Amino acid sequence: MRKLTDSPEVTSSCLTAIASIFKSKPLPEDSEIDPIDIFTQFNSAKRLNSLRALMRENNISAYIIPSEDEHQSEYTALKDQRREYISGFSGTSGIAVVTLHSAALSTDSRYFLQAEKQLDENWILLKQGVCGYPSWIDWLVDECVYGMDQLDEVGSVGVDPRLITWKLGNELVSKCHDNNITFVNDLDHNLIDLIRGKQEANKGKLYKYELKYAGLHTTKKIEKLRSQMAEHGYFVYVSSMLDSIAWLLNLRGNDISFNPVFFAYLVITMDSVVLYVDKVKMNSEISAYLSELQIRTKPYTSIWDELPALKGDGCICLEKNASYSIFINVPQVYEIVFRSIITELKGVKNEIEVANIQESQKIDSLAIVRFLSWFNLNKCNTSLNELDLVDKLYEFRRKSEHFRGLSFATIIASGANASIVHYEPTEDSFSLVKHNDVLLIDSGGQYFQGTTDITRTIYVNNGKPPSKELKRAYTLVLKGHLNVAMLKFHKGKSSYEIDRLAREPLLKYGMNYGHGTGHGIDNFICVHAGPCGLSPSATSYNYKPLEKGNFISDEPGYYKDGHFGIRIESDILVNEEQDMLKFEYFTLVPFCRELIETKYLSNAQVDWINAYHKRIYTELSTQLENVKDFGALDWLADETKAL
């Protein structure tokens, strides 16, 4: 195996979300835990050998294992976690490539630390965007060419075409053609599935998402979709995105942890709608509901038999991240357009959805405030660990009758752990809560009313005030957060420019963060959603300007590797004011007064914070009285005093 050159160190890294809530295991007071060395590793040799044996049987010299399922989902069901199975790397972003003699995993800067710890000696880590490291496609081509020239190998690349996007598939075809490599996309089975055996899919039933939450009947949604199709000359729209299908049909499921979606495809023409879904997921109520809507149902896998037979006048519309398999199976005699119309419709909340979002934010904010009050009373407990806090926050959320589950695995990171962007404690790897240091709490809930995603960073004071460096970093992050929250802007303004406003206070001091500033949020579907957000460049969640009704997060941060991390995240709605756009601030959780250094803030920002804190107390105090949590009421009164 050939070595890659060394590269500069990077400072941001990330842990994947793990789809469960773990029980805490309090440690003795003298326990010592390294807060950074939290990853485990397994020997991948046996699995790699099994895969290579299958590759030889199929005349494949390199095999690609993506992270995604066939719907390009961010979170995946256990049955679709193939890349983790072969490599041991559990981050949510990355791609593995295995040749007959070597193996590489490519991921972005959020996951470098995690990958370095989890990959064993059989793997090379390709650090995306770092000088000295090739892209995984260039590495793949180089390995294949080397094998053909030096080892007399066939030079062929295999991949399950359902698991890559149409755009990546076309890029691979072009790269392989330019280098005389055969691109194999018609294997009968996914090779990883052959190694690990049949993985059972979730057989949970579908259920209706009531109109009092959805705000718009499915018939009206389909009319809106067909109006767009007619306007642009699309005779058929093929939907493979699970969140889009759930939204359009006002249905929910439980096939993927944290996301109430279900595995399905949907094909819409101007006079028919066909849902491809396993019949085992449907009860008599759902069957009757779909029949009333004149939506036919067919077996999930029959989509592949019917795509080639599509006929009509005009263009075929596929979603922006449609799989390569969908792309190559639709008739190529038609013009194919890539546009996620349902995502665009879903991204604009109706009045009923907005009212429900506000309610879900109030419910979730109340749970977080009660948790923070409880923690303030118990923070001196020297045996308190991160998992204790995960469990306690979950307990407070469960007190609401509206709570349906978490929207992602809770991130509670103490001290240096907070410098890992998406660190998450597990029952095997967690730290004691460190005194006189930061505690980062990033969590969210699923409610019928909406989906939440809220982050606060606090200081665990046990006799030592926060350092000047820490207060400055926190206040600069807060200043960037307010630059967005207080903004009024013209329609059509680039979200990239708004993202820049969040970074400006940090950039003046040579600081920055390696993630986007905001993402779209669904109503009781996915915590990360398109079509718009705040990021330095276009992403799958941010590819069009903000408009009235978009609901996004505002979450700048700063991470000093191995020392501390800060992130402040609230959820905000885009609204209109005369001919301008502005943000409405929905989250009701106070900022950490102890970490605010007002000299870094403008007078207008201080006034905004004071008004916001006053609003929090006004809106939550009655609810705290109703649940007789007078301790939390006193804590909130202190935390919302004027600066």
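Residues numbered from 1 in each chain as written. Predicted model: local features only at pLDDT ≥ 70, side-chain atom pairs only at ≥ 80, totals over all residues. Heavy atoms only, no water.

### Notes on the pairing of strand 8 (residues 234-239)
- Across the 6 residues of strand 8, 6 count as buried, placing the element largely inside the fold.
- Note: strand 8 against strand 13 (residues 315-318), 4 bridges, orientation parallel. Among the inter-strand pairings, Y234 is bridged to a residue of strand 13, identified as C315.
- Note: strand 8 against strand 10 (residues 265-269), 4 bridges, orientation antiparallel. Each residue of the ladder has a partner; that of V236, found in strand 10, is T269. (Buried < 20%, exposed > 50% of the residue type's maximum accessible area, 1.4 Å probe, protein only. Helix = DSSP H or I, 4+ residues; strand = E, 2+ residues; numbered from the N terminus. Pairing = 2+ DSSP bridges.)

### Regarding the environment of Y474
- Within the secondary structure, Y474 sits in helix 16 (residues 468-485).
- The exposure class assigned to Y474 is buried, which follows from its relative accessible area of 0%.
- For the pair Y474 and G565, spaced 91 residues apart in the sequence, the C-alpha separation amounts to 9.1 Å.
- Y474 has contacts with T457, I566, I568, F591, C592, L595 and I596, leaving out every residue within four places of it along the chain. (Contact = heavy atoms within 4.5 Å.)

### Let's talk about the packing of aromatic side chains
- As enumerated under the stated definition, the model contains 25 aromatic pairs in all.
- For the pair Y265 and Y300, a centre-to-centre distance of 5.5 Å together with 25° between the ring planes defines the contact as stacked. Here the residue Y265 occupies a position in strand 10, and Y300 occupies one in the loop between strand 12 (295-298) and helix 11 (303-306), the gap between them amounting to 35 residues.
- For Y265, a relative accessible area of 0% puts it in the buried group. (Phe/Tyr/Trp six-rings, centres within 6.5 Å; stacked < 30°, edge-to-face > 60°.)

### Quick notes on the nonpolar core
- Residues W136, L140, V157, L172, F262, L275 and L318 are the most contacted members of the largest nonpolar core, which totals 84 residues.
- If we ignore the near neighbours within four places in the chain, the residues touching L172 are I64, W136, I137, L140, I164 and F183. (Core = buried A, V, L, I, M, F, W, Y, C linked by side-chain atoms within 4.5 Å.)

### Digging into the environment of E210
- One can find E210 in the loop between strand 7 (207-208) and helix 7 (211-214).
- Of the residues examined, E210 reaches a relative accessible area of 42% and is grouped as partly exposed.
- Sequence separation of E210 and L251 is 41 residues, and the distance between their C-alpha atoms is 8.6 Å.

### Things to note about helix 4 (residues 136-150)
- Here helix 4 contains 15 residues, and its C-alpha end-to-end distance of 21 Å stays within 8% of the 21 Å for a straight helix at 1.5 Å per residue.
- Taken residue by residue, helix 4 has W136, I137, W139, L140, V141, E143, C144 and G147 as its buried positions.
- Phi for D152, located one or two positions after helix 4, is positive at around 60°. (Expected span 1.5 Å × (residues − 1).)

### Describing the packing of helix 14 (residues 351-378) against helix 15 (residues 386-398)
- Interaxial distance between helix 14 and helix 15 falls to 8 Å at its minimum, and their mutual angle equals 135°. In terms of orientation, helix 14 lies oblique with respect to helix 15. Note that helix 14 runs across helix 15; the crossing there is right-handed. Seen from helix 14, the contacting residues are D364, A367, I368, R370, F371, W374 and F375; seen from helix 15, they are L389, K392, L393, F396 and R397. (Axes fitted to C-alpha atoms, helices over the stretch in contact; angles between N-to-C directions. Parallel < 35°, antiparallel > 145°, perpendicular 65-115°, else oblique. Left-handed = near helix turned anticlockwise from the far one by under 90°.)

### Overview of the domain arrangement of the protein chain
- Split into domains, the protein chain comes out as domain 1 (44-196), domain 2 (207-347) and domain 3 (351-640).
- When each unit is reduced to the centre of its C-alpha atoms, the spacing between domain 1 and domain 2 is 30 Å.
- On the side of domain 2, 22 residues touch domain 1, which itself brings 20 residues to the contact.
- Where domain 1 packs against domain 2, one counts 9 residue pairs in polar contact (both at pLDDT 80 or more).
- Per-element tally for the side of domain 1 that touches domain 2: the top contributor is helix 5 (residues 166-178), with 4 residues.
- For the side of domain 1 that touches domain 2, a count of residues per class yields 7 nonpolar, 8 polar and 5 charged. (Domains from an automatic or database assignment. Polar contact = N/O pair within 3.5 Å; in protein donor to acceptor, adjacent residues only side chain to side chain. Nonpolar A, V, L, I, M, F, W, Y, C, P; charged D, E, K, R; others polar.)

### Considerations on the side chain of S239
- Mapped onto the elements of the fold, S239 is located in strand 8.
- Those residues in contact with S239 that lie beyond four places of it in its chain are S244, I245, Y265, L266, E319 and I342.

### A closer look at the pattern of salt bridges
- A complete count under the given rule lists 31 salt bridges for this structure.
- Measuring nitrogen to oxygen at the nearest pair gives 3.9 Å for the salt bridge that ties E223 to K220. Separated by 3 residues within a single helix, E223 and K220 lie in helix 8 (residues 218-232), roughly one turn from each other.
- Several salt bridges converge on common partners, so that one network encompasses K79, D80, R82, D193 and R196. (Salt bridge = Lys/Arg side-chain N within 4 Å of Asp/Glu carboxyl O.)

### Side note on the UniProt feature "domain: Peptidase M24" (unreviewed entry) in the protein chain
- According to UniProt, the feature "domain: Peptidase M24" (unreviewed entry) maps to residues 356-576 in the numbering used here.
- Split by type, residues 356-576 is 30% helix and 26% strand. Its first and last C-alpha atoms lie 19 Å apart. (UniProt positions renumbered as here; feature names shortened; annotations may be inferred.)

### A closer look at the sheet that holds strand 14 (residues 336-338)
- The 6 strands are arranged 12-11-10-8-13-14 in an open sheet whose pairing can be described as mixed. This sheet does not close on itself; its edge strands, each paired only once, are strand 12 and strand 14. If you compare each strand with its neighbour and ignore which way they point, the axes differ by 20° on average.
- Its contacts with the sheet put helix 8 on strand 8, strand 10, strand 11 (273-276) and strand 12, and the angle it makes with strand 8 is roughly 130°.

### Some thoughts on the packing of helix 14 against helix 18 (residues 603-626)
- Contact pair helix 14 / helix 18: the axes reach a minimum separation of 11 Å and the direction vectors enclose 70°. Between helix 14 and helix 18, the interaxial angle falls into the category roughly perpendicular. Contacts between helix 14 and helix 18 involve K362, S365, L366, V369 and R370 from the former and E619, L620, Q623 and L624 from the latter.
- Split by residue class, the contact of helix 14 with helix 18 holds 4 nonpolar, 2 polar and 3 charged.

### Structural notes on unusual backbone geometry
- A cis geometry characterises the amide bond from G530 onward to P531, with omega recorded as 5°.
- Within the secondary structure, P531 is located in strand 23 (residues 529-534).
- The backbone phi angle of F258 is positive, close to 75°, even though this residue is not glycine.
- Here F258 lies in the loop between strand 9 (251-252) and strand 10.
- Within the chain, Q578 stands out as a residue other than glycine whose phi angle is a positive 60°.
- With respect to the helices, strands and loops of the structure, Q578 is situated in the loop between strand 27 (570-577) and strand 28 (580-585).
- According to the relative accessible area criterion, Q578 is exposed, its value standing at 76%.

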